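Structural characterization, general
The primary structure of each chain is shown beneath.
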Amino acid sequence: MKNCAIVIPIYRELNAYEKFSYDILKSVVKDKDIYIVCGNKFNVKLKENVERFDDTYFNSSTDYSRLCKSYEFYNRFSNYKYILIYQLDCLIFK
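Let me sum up the structure you'll find in this document. For clarity, every value in this text was computed on a predicted model and none was experimentally measured.

All right, on to the nonpolar core then. One finds I6, I8, I10, L25 and Y86 to be the most contacted residues of the largest nonpolar core, which totals 15 residues. Going through the elements one at a time, strand 1 (2-9), helix 1 (16-28) and strand 2 (33-39) are the ones with two or more residues in this core. Counting residues per element, this core draws most heavily on strand 2, which supplies three residues. I8 has contacts with Y22, L25, I34, Y35, I36, V37, Y86 and L88, leaving out every residue within four places of it along the chain. Ranked by size, the runner-up nonpolar core spans 13 residues in total, among them V7, Y35, F58 and F73.

Taking 1.5 Å of rise per residue, 13 residues should cover 18 Å, and helix 1 covers 18 Å from first to last C-alpha, within 8% of that figure. Contacts made by the buried residues of helix 1 are with strand 1 and strand 2. Of the residues flanking the start of helix 1, the one acting as N-cap is N15, its side-chain oxygen 3.0 Å from the backbone nitrogen of Y17.

This part takes up the sheet that holds strand 2. Strand order across the open sheet formed by four strands is 3-2-1-4, with parallel pairing between neighbours. The open sheet has two edge strands, strand 3 (49-53) and strand 4 (80-85), and neither has a second partner. Between one strand axis and the next, the sheet turns by 30 degrees as a mean value, whatever way the strands run. Note that strand 1 and strand 4 share five bridges and pair parallel.

The rules behind these values
- Residues numbered from 1 in each chain as written.
- Predicted model: local features only at pLDDT ≥ 70, side-chain atom pairs only at ≥ 80, totals over all residues.
- Heavy atoms only, no water.
- Core = buried A, V, L, I, M, F, W, Y, C linked by side-chain atoms within 4.5 Å.
- Buried < 20%, exposed > 50% of the residue type's maximum accessible area, 1.4 Å probe, protein only.
- Helix = DSSP H or I, 4+ residues; strand = E, 2+ residues; numbered from the N terminus.
- Contact = heavy atoms within 4.5 Å.
- Expected span 1.5 Å × (residues − 1).
- Polar contact = N/O pair within 3.5 Å; in protein donor to acceptor, adjacent residues only side chain to side chain.
- Pairing = 2+ DSSP bridges.
- Axes fitted to C-alpha atoms, helices over the stretch in contact; angles between N-to-C directions.

Now the structure itself:
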């Protein structure tokens, strides 16, 4: 079992602040597996592992909350001991 996965939910193109947050994450966290979580139809332009879920989970914050409470979501990362869900409206520091 691996130690920790960092999961970044994305439902639209990143704005400048979100891109900055993503870049900071990449520079600080170099030894963890990073995954982009998005809908099936979303065109991911970031070079990360991608886990796709049904697009209905990305229509509203209520739908996204449903995803975060689902067995399907956690089962995708069951080979990790911990999951950090990293929202791009935050910053991580060393």
